[in-house]
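Architecture at a glance
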Amino acid sequence: MTATLELELTTPVNLRDLGGTPISGGTLRDGLAIRTDDLATVTPEFAAKLVADGLTAIIDLRSPHEVQVTGRGPLADYAVAYHHLPFMGSIEAPAGDAPELTHELMGEMYVGMIDRAAPLIVTALDIIANTPGATAFHCAAGRDRTGVLAASLLLVLGADDDAIVADYAKTGPNMPAIMARTKTAMSAVFAKLGLDPEVFDGKALTDDGMDVSMRILLASLRDTHGDALAPLRAAGLSDDTVAKLRARALSA
């Protein structure tokens, strides 16, 4: 995986199939889209199980620096399509005093992420629409970048805001385990970039109320554009992709 870092291979602690989510026309079926925390550090046994259960594509939303630290892990040994779509080009230290990471601040960051990464989000949606079998998408925690892509997919499928927020909020109880699982890799990323890991202390994000972040994003999309999908349509989201996703979401 990496010649310079010994990583403990573990089972994801924030993985879930989006199946069961209410969408336009019914309920999203199992086996289309899986959101998860880092797949680069899974055990060989878990990698084998994912593939046996129908995984055929991975969308890696991490930055290039994160990928350089961990590589692709055991799943690189399988005939699974790999797509690297970094929603953030890098992790950078904030200028001046670091702002406290709050649920409100994260919501504002998601708004900016939609603006900057819209073409990549569209590419990810095209991949899910056209990939046979299941597509798994992940960042490090499976919360922020992964949450924005999950919300985008569910918006395309006609899920209402409450359903999107409910899925996003399922990550909340997993945050302590997520932080423990990702600590080694993320500390190595910060060290590689010459950053102090303490600047990015996310302990405040373990508090209740993380649904606020996603509601800020959804409200901003509607208030700014009327149609929440407008930024993605402007970035190339086609009616054909929307139709394929909705058809695949409702039938195997």
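Computed from a predicted model, the values in this text were never measured in an experiment. (Residues numbered from 1 in each chain as written. Predicted model: local features only at pLDDT ≥ 70, side-chain atom pairs only at ≥ 80, totals over all residues. Heavy atoms only, no water.)

1. Here's the deal with the sheet that holds strand β5 (residues 55-60)
Working definition: the strands of a sheet are paired by backbone hydrogen bonds and lie parallel or antiparallel to each other. The five strands lie next to each other as β1-β4-β7-β5-β6, forming an open sheet whose pairing is mixed. Two strands bound the open sheet, and with one partner strand each, they are β1 (16-17) and β6 (81-84). Bridging between β1 and strand β4 (residues 33-36) involves two bridges; their strand directions are antiparallel. Its bridge partner lying in β4, Arg 16 is registered against Arg 35. (Pairing = 2+ DSSP bridges. Helix = DSSP H or I, 4+ residues; strand = E, 2+ residues; numbered from the N terminus.)

2. Side note on helix α4 (residues 145-156)
Its 12 residues give α4 an end-to-end C-alpha distance of 17 Å, which sits within 8% of 16 Å, the value for a rise of 1.5 Å per residue. Counted residue by residue, α4 has 12 buried out of 12 residues, so it is predominantly covered. Listed in full, the buried residues belonging to α4 are Arg 145, Thr 146, Gly 147, Val 148, Leu 149, Ala 150, Ala 151, Ser 152, Leu 153, Leu 154, Leu 155 and Val 156. Phi turns positive, to about 85°, at Gly 158, one or two residues after α4. (Expected span 1.5 Å × (residues − 1). Buried < 20%, exposed > 50% of the residue type's maximum accessible area, 1.4 Å probe, protein only.)

3. Thoughts on the pattern of salt bridges
Tallied over the full model, the rule gives 14 salt bridges. Salt-bridge contacts for Arg 35 lead to Asp 167; the nearest nitrogen and oxygen are separated by 2.7 Å. Within this pair, whereas Arg 35 is found in strand β4, its partner Asp 167 is found in helix α5 (residues 161-169), the two being separated by 132 residues in sequence. There is no split in this pair, since Arg 35 and Asp 167 are both buried. Across the pair Asp 162 and Arg 215 runs a salt bridge whose closest N-O atoms are separated by 3.1 Å. In this pair, Asp 162 is assigned in helix α5 and Arg 215 in helix α7 (residues 211-225), connecting sequence segments 53 residues apart. Overlapping salt bridges bring together Arg 16, Arg 35 and Asp 167 as one network. (Salt bridge = Lys/Arg side-chain N within 4 Å of Asp/Glu carboxyl O.)

4. Regarding the environment of Thr 182
Tracing the chain through its elements places Thr 182 in helix α6 (residues 175-192). A C-alpha to C-alpha distance of 8.8 Å links Thr 182 and Asp 37, two positions 145 residues apart in sequence.

5. A few points about the packing of α4 against α5
Axis separation between α4 and α5 bottoms out at 10 Å; the angle between their running directions is 155°. Considering their axes alone, α4 and α5 lie roughly antiparallel with respect to each other. Between α4 and α5 the crossing geometry is right-handed. For the pair α4 and α5, contact is made by Gly 147, Ala 150, Ala 151, Leu 154 and Leu 155 and by Ile 164, Asp 167 and Tyr 168, respectively. When its residues are assigned to classes, the contact of α4 with α5 shows six nonpolar, one polar and one charged. (Axes fitted to C-alpha atoms, helices over the stretch in contact; angles between N-to-C directions. Parallel < 35°, antiparallel > 145°, perpendicular 65-115°, else oblique. Left-handed = near helix turned anticlockwise from the far one by under 90°. Contact = heavy atoms within 4.5 Å. Nonpolar A, V, L, I, M, F, W, Y, C, P; charged D, E, K, R; others polar.)

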